[in-house]
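Residue-level listing of the chains:
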Amino acid sequence: MERTLIKDLPAKIGESVKIQGWLHTLRDQKSMQFLILRDKTGQAQVAHWKKGNLELAELVSTIGTESALTVYGKVVENPIVKLGGLEVQLENLAIENNAELPLPFEPFSDNLPEQDFRMDWRYLDLRRERNRLIFEIQTTAEQAMRDYWIEHGFIEMHSPKIMGAPSESGAELFSLGYFETTAYLAQSPQFYKQMAMAAGFEGVFEIGPVFRADPSFTSRHMTEFTGVDMEMSWVESHEDVMAFLENWLAYTYTKVKEVHDAQIKATFDVDLVVPKVPFPRMKMAEAYEILKSIGYKLPPERKGDLDPGAERALGAYVKEKFDNDYVFVTDWPFTVRPFYHMVHEDNRLLTKSFDLLGKGLEITTGAQREHRYEVLKDQALEKGLTLEPIQNYLNYFRYGCPPHGGFGFGLSRFLMVMLDLPNIREAVYLFRGPNRLQP
RNA sequence: GGGGGCGUGGUGUAGUGGUCGAACAUGCGGCCCUGUCAAGGCCGAGAUCGCGGGUUCAAAUCCCGUCGCUCCCGCCA
């Protein structure tokens, strides 16, 4: 017998069906049993008159919450039933896998186990409908991102995650034994996507894992996360990259809103608003003026950088003043940027770079890259780097590499911002952090 | 790496020197129950209060250490 999805039951009234799912709750009474069965499309009530089949009634009584069941029965209309006005009258049932749960389940969401405990039992935590929804939304978002890139002639790439040398300074690297030598896990596809520019691909994107050996204990950091990266050639400045990014992101919001608007409102109490394009832009110097005007005090040692508090303050300011969740902060000092960011012709202290803040959280860093070999080499030296380990990278820029730029974007941080999730651990399938390698 | 907070039955909490023989909710087991719908009622099992040391007549409660978790900062996406 073919399985019927719970959402399709209204079309099957009067028919015998097979439905499959998890036992959401069981109400076991003197003469009747009510099973609420849940599949990924919804919930339905299964009713059973015990005296009709005492053996079956006894079996039903043994089923634990969240057991996996196959249920056979007849669909009947019944206005008394609050759940959809119909029920399945139980005829037979198979317990595929009985459960005894280590944690309380929904609908008891007001005393949800604490986060770390739920991480231990993530495969059960993920059964909650709101958690599955997060990954349905992520799927829609990634599809939209890809569609937009492909529409614009971009090539999808998959760069190696095992590397022989660090890709950029700054973030700490994980090292691993590699036969007789040492290799590193990629902390960014940066060098490889630039290589694609030298290779003449003109536009590339990659959605893939990124590894950072930073012992960061915050609600927004992971040691492994999904990086969303792109790089495009023949740009005139970082403005071209920002213009692409904001349209790409607005398109992604539009698609997510089309598919999930009502669910997002119902589940996360978020009114999804497609951000207005163009996003507000402010140079770092202007950001400092704004922070000064609203009384936010940056520690003096920041010197042209922002701290998380300043980013939140700017996000709130932009929301208030421009009614936008997003803002570009541009023209960061060379001192706080990697050596490959291009500097302004008229002010070599500032880079043609940007960060994108969403609701005051940094979700993207991008820039026009320095594509002139001699200039790039000088900038590396200025940063105190040794040329030898990066010589292979520098060589990309000796044989006709076009001007180019791009960005890196954090997928889970984006979901956090879009759905107002309080912690990145709620936005990722399996969290990886300094103290979390399981499950 | 630095700083703050928290660790009490399976889970979530209350209790912050003696009335604690540790409470409440939920989950679990049993019994009862005109079709329930976050069902309800009754009964029961389940915690040496993270661990070690100390102060005190008396410690879940105060102090020290330690481990774990968590948030913030640093760093970043």
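For the structure, see preceding data.
Residues numbered from 1 in each chain as written. Chains lettered and ligands numbered in written order. Predicted model: local features only at pLDDT ≥ 70, side-chain atom pairs only at ≥ 80, totals over all residues. Heavy atoms only, no water.

Here we look at the environment of A313
Assignment of secondary structure puts A313 in helix 8 (residues 308–322). Between the alpha carbons of A313 and I294 there is a distance of 8.5 Å; along the sequence they are 19 residues apart. Dropping the residues within four chain positions of it, A313 is found in contact with L291, I294 and Y296. (Helix = DSSP H or I, 4+ residues; strand = E, 2+ residues; numbered from the N terminus. Contact = heavy atoms within 4.5 Å.)

A few points about the packing of helix 9 (residues 373–382) against helix 10 (residues 387–395)
Where helix 9 contacts helix 10, the axes come no closer than 12 Å and their chain directions differ by 155°. Between helix 9 and helix 10, the angle falls in the class roughly antiparallel. Crossing of helix 9 over helix 10 shows right-handed handedness. Residue-level inspection shows Y373, L376, K377, A380 and L381 of helix 9 in contact with helix 10, the latter providing L387, I390, Q391, Y393 and L394. Its residues placed into classes, the contact of helix 9 with helix 10 shows 8 nonpolar, 1 polar and 1 charged. (Axes fitted to C-alpha atoms, helices over the stretch in contact; angles between N-to-C directions. Parallel < 35°, antiparallel > 145°, perpendicular 65-115°, else oblique. Left-handed = near helix turned anticlockwise from the far one by under 90°. Nonpolar A, V, L, I, M, F, W, Y, C, P; charged D, E, K, R; others polar.)

Some words on the sheet that holds strand 7 (residues 162–163)
Taken together, 3 strands build an open sheet; the order of strands is 7-9-8 and the sheet is antiparallel. The strands lining the two open edges of the sheet, one partner per strand, are strand 7 and strand 8 (175–178). Relative to strand 9 (residues 181–185), strand 8 runs antiparallel, the two being bridged by 4 bridges. Bridge pairing in strand 9 links S175 to Y184. (Pairing = 2+ DSSP bridges.)

A few points about the protein's contact with RNA strand B
Of all residues adjacent to RNA strand B, which total 52 residues, the nearest are R27, W49, I80, I363 and N423. Restricting the count to atoms of RNA strand B within 4 Å of the protein gives a sugar and phosphate share of 53%. Contact distances for RNA strand B include 2.7 Å between a sugar or linking oxygen and a side-chain N or O atom of R212. Per-element accounting of the surface near RNA strand B gives the leading share, 4 residues, to strand 17 (residues 361–368). Classifying every residue of the surface near RNA strand B by side-chain character gives 19 nonpolar, 17 polar and 16 charged. (Near = heavy atom within 4 Å. Polar contact = N/O pair within 3.5 Å; in protein donor to acceptor, adjacent residues only side chain to side chain.)

Structural notes on a nonpolar patch on the surface
Together, I162, Y178 and F179 give the surface a local cluster of nonpolar side chains, amounting to about 360 Å² of exposed area. As for its position among the elements, Y178 is in strand 8. (Patch = residues over 30% accessible without salt bridge, like charges linked within 9 Å, V, L, I, M, F, W, Y side chains within 5 Å. Areas by Shrake-Rupley, 256 points an atom, 1.4 Å probe, with all protein chains shown as cover. Salt bridge = Lys/Arg side-chain N within 4 Å of Asp/Glu carboxyl O.)

Observations regarding the pairing of strand 13 (residues 326–330)
Across the 5 residues that make up strand 13, a large majority, 5, are buried. Of the two faces of strand 13, the one carrying Y326, F328 and T330 and the one carrying V327 and V329 are both buried. Here 3 bridges tie strand 12 (residues 281–283) to strand 13, and the two strands are oriented parallel to one another. The partner of M282 across the bridge, within strand 13, is V329. Where strand 13 and strand 16 (residues 353–358) come together, 5 bridges link them in antiparallel fashion. Looking at strand 16, one finds that V327 is bridged to L357. (Buried < 20%, exposed > 50% of the residue type's maximum accessible area, 1.4 Å probe, protein only.)

Topic: the environment of L101
With respect to the element layout, L101 can be found in the loop between strand 5 (86–97) and helix 2 (115–120). Its relative accessible area of 25% is what places L101 among the partly exposed residues. Considering only alpha carbons, one finds L101 and S67, 34 residues apart in sequence, at a separation of 9.1 Å. In this structure, L101 is in contact with T65, E66 and L124, ignoring residues within four places of it in sequence.

Quick word on helix 6 (residues 238–268)
Taking 1.5 Å per residue, 31 residues should reach 45 Å; helix 6 reaches only 35 Å between its end C-alpha atoms and comes up short. At H260, helix 6 is bent by approximately 80°, the largest bend along its length. After helix 6 finishes, the residue D269 shows a positive phi value of roughly 55°. (Expected span 1.5 Å × (residues − 1). Bend = angle between axes of the 7 residues up to and from the residue.)

Some words on the side chain of E231
Along the chain, the position of E231 falls in strand 11 (residues 224–233). There is a polar contact of 2.7 Å between the side chain of E231 and the side chain of R369. A polar contact of 3.4 Å, which involves the side chain of E231, links it to the backbone nitrogen of G406.

Let's talk about the side chain of H260
Mapped onto the elements of the fold, H260 is located in helix 6. When its relative accessible area of 4% is taken as the criterion, H260 is described as buried.

Some details on the packing of helix 7 (residues 284–293) against helix 8
The N-to-C vectors of helix 7 and helix 8 enclose an angle of 85°; their axes lie 10 Å apart at closest approach. With respect to each other, helix 7 and helix 8 are oriented roughly perpendicular. Between helix 7 and helix 8, the contacting residues are A287, I290 and L291 on the first element and A310, A313, L314 and Y317 on the second. Looking at the contact of helix 7 with helix 8 residue by residue, the classes come out as 7 nonpolar, no polar and no charged.

Spatial relationships are all this shows, so hold off on functional conclusions.
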